[in-house]
Amino acid sequence: MKLRCLATAVLSTTVLAGGVASAQTVFTVSSWVPPTHTLSMAQKSWCDLLEKDSAGRMKCNILPKGVAAAPGTFDAVRDGLADISYTVDGYTPGRFINTQVAEFPFLGDSATATSLAYQRIYSKYFAPLGEHRGVKTLAVFTHGPGIIFTTKQAVASAADVAKLKFRIGGGNINELSKAMGWNTTLKPAPESFEMLSTGVMDGTFFPDESVASFKLSMVKHATTFPGGLYNTSFVFMMNEGKYNALSAQDKAVIDKISGETAARIFGEGWDRVDAASRELQKTQGVTRIVADAAFVQAVKDKQAGLETKWAEAAQAKGLKDPKAVLAEFRAEIAKVK
């Protein structure tokens, strides 16, 4: 009886192909946002493509909840608590340097364009420097343009922002807020609802998508910027040991659907939900204004110093001519279709 049970257990972990049993690789996949969020949905789309392109040799087991909070996800994947997940580089301030280039203001109005351009720059310049050493980087990407959202009053100037309290997600926007003299608190995105609904914060810096995804019905005002006030650098990653243990055939499948393929899945998904959220905001009564030239210039004046500071830090980490890399990144965004 025990032998029969053991045989059944072994068979349950195999797939039969041409009469020969071969082991199936199952990846444990974690997400720290709800399954309906575009990040979770994009990750699932990638997993579906993985299973399809490997003819079922590889598949994902998507966990019902994340194995770690967002700031701890990189280490969780590195240490094998999950095989696959993603995180925001800026949630661990000071840890990643080169990736800050994707967080600067006024980069673009499409998550697809910025994600693909970012992936190209990352592959060319940042990956060889080991920016995400410790994990297998599947892709990097960004969300849509960052916006200032408030619950009770509109903000039309840098001075208006300075009068209120905001939740932010970290990265360059954290440094920019300090330079602007704004009152901001670094907190992961899922905490926004409670902070806004209780009045602990007067607003939050988010892409359009987040108003819908985190059900921020208390938001009533939005201030947009051409190309966004900020952006966020994400890394989509796999446990390095899990990847290294794969056959050459299976590694080739993963490599093929990583990079720009994965970046496009995340970017296009974000653009779709940004558009859907803008429609929802209309029914929610959100009033939108565009930052005027003086507001934009005030941000540019402070950002110039931050870009110089970034360039110095990136050069110290081995990146040659960081300012030229930034210019190439912006030019690449403009070329992406």
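Please refer to the structure placed before this passage.
Computed from a prediction, not measured in an experiment: that's the story for all the values here.

Colleague: Outline the state of the cysteines, listing residues and values.
Modeller: For the structure shown, the criterion picks out one disulfide. Residue pairing for cysteine 47: its cysteine sulfur links by disulfide to cysteine 60, the two sulfurs lying 2.3 Å apart. One disulfide, between cysteine 47 and cysteine 60, carries an S-S torsion of -85° and so falls in the left-handed class. With a gap of 13 residues between them, cysteine 47 in helix α2 (residues 38-53) and cysteine 60 in strand β4 (residues 58-62) connect regions that are remote in the sequence. On the basis of relative accessible area, cysteine 47 is assigned to the buried category, the value being 3%.

Colleague: Requested: an account of the packing of helix α12 (residues 293-316) against helix α13 (residues 322-335), with residues and values cited.
Modeller: In contact at an axis separation of 8 Å, α12 and α13 are set at 115° when each is read in the N-to-C sense. Contacts from Glu307, Thr308, Trp310, Ala311, Ala314 and Gln315 of α12 reach α13 at Pro322, Lys323, Leu326 and Arg330. Its residues placed into classes, the contact of α12 with α13 shows five nonpolar, two polar and three charged.

Colleague: So what's going on with the side chain of threonine 150? Which residues, and what values?
Modeller: With respect to the element layout, threonine 150 can be found in strand β7 (residues 147-150). Separated by 2.6 Å, the side chain of threonine 150 and the backbone oxygen of glutamine 153 make a polar contact. Excluding residues that lie within four positions of it along the chain, threonine 150 makes contacts with Val155, Leu164, Phe166, Asp202, Gly203, Val219, Lys220 and His221.

Colleague: How would you explain the nonpolar core if you had to name every residue and give the values?
Modeller: Counting 65 residues, the largest nonpolar core has Trp46, Phe205, Leu229, Phe236 and Ile254 as its most contacted members. When residues of this core are assigned to their parent elements, the largest contribution, five residues, is made by α2. With residues up to four places along the chain from it excluded, the contact list for phenylalanine 205 reads Ile147, Ile148, Val161, Phe166, Arg167, Ile168, Ile173, Ser177, Trp182, Leu229 and Tyr230. Counting 29 residues, the second largest nonpolar core, distinct from the first, contains Val77, Ala113, Ala314 and Ile333.

Colleague: Tell me about the environment of alanine 156, and please be specific about residues and values.
Modeller: Within the secondary structure layout, alanine 156 lies in the loop between β7 and α5 (158-162). Residue classification places alanine 156 among the partly exposed residues on the basis of a relative accessible area of 39%. Taking the C-alpha atoms as reference points, alanine 156 and isoleucine 289, 133 residues apart in sequence, are found 7.7 Å from one another. Excluding anything up to four places from it in sequence, alanine 156 contacts Ile289, Asp292 and Phe295.

Colleague: An account of the packing of α2 against helix α11 (residues 260-284) is requested, with residue identities and associated values reported.
Modeller: Relative to each other, α2 and α11 sit at 145°, their axes nearing to 9 Å. Here α2 and α11 pass one another in a crossing that is right-handed. Taken together, the residues of α11 that come into contact with α2 (itself represented by Thr38, Leu39, Ala42, Gln43, Ser45, Trp46 and Leu49) are Thr261, Ala262, Ile265, Phe266, Gly269, Trp270 and Val273. A breakdown of the residues in the contact of α2 with α11 according to their chemical character gives nine nonpolar, five polar and no charged.

Rules of the game
- Residues numbered from 1 in each chain as written.
- Predicted model: local features only at pLDDT ≥ 70, side-chain atom pairs only at ≥ 80, totals over all residues.
- Heavy atoms only, no water.
- Disulfide = S-S within 2.5 Å.
- Helix = DSSP H or I, 4+ residues; strand = E, 2+ residues; numbered from the N terminus.
- Buried < 20%, exposed > 50% of the residue type's maximum accessible area, 1.4 Å probe, protein only.
- Axes fitted to C-alpha atoms, helices over the stretch in contact; angles between N-to-C directions.
- Contact = heavy atoms within 4.5 Å.
- Nonpolar A, V, L, I, M, F, W, Y, C, P; charged D, E, K, R; others polar.
- Polar contact = N/O pair within 3.5 Å; in protein donor to acceptor, adjacent residues only side chain to side chain.
- Core = buried A, V, L, I, M, F, W, Y, C linked by side-chain atoms within 4.5 Å.
- Left-handed = near helix turned anticlockwise from the far one by under 90°.

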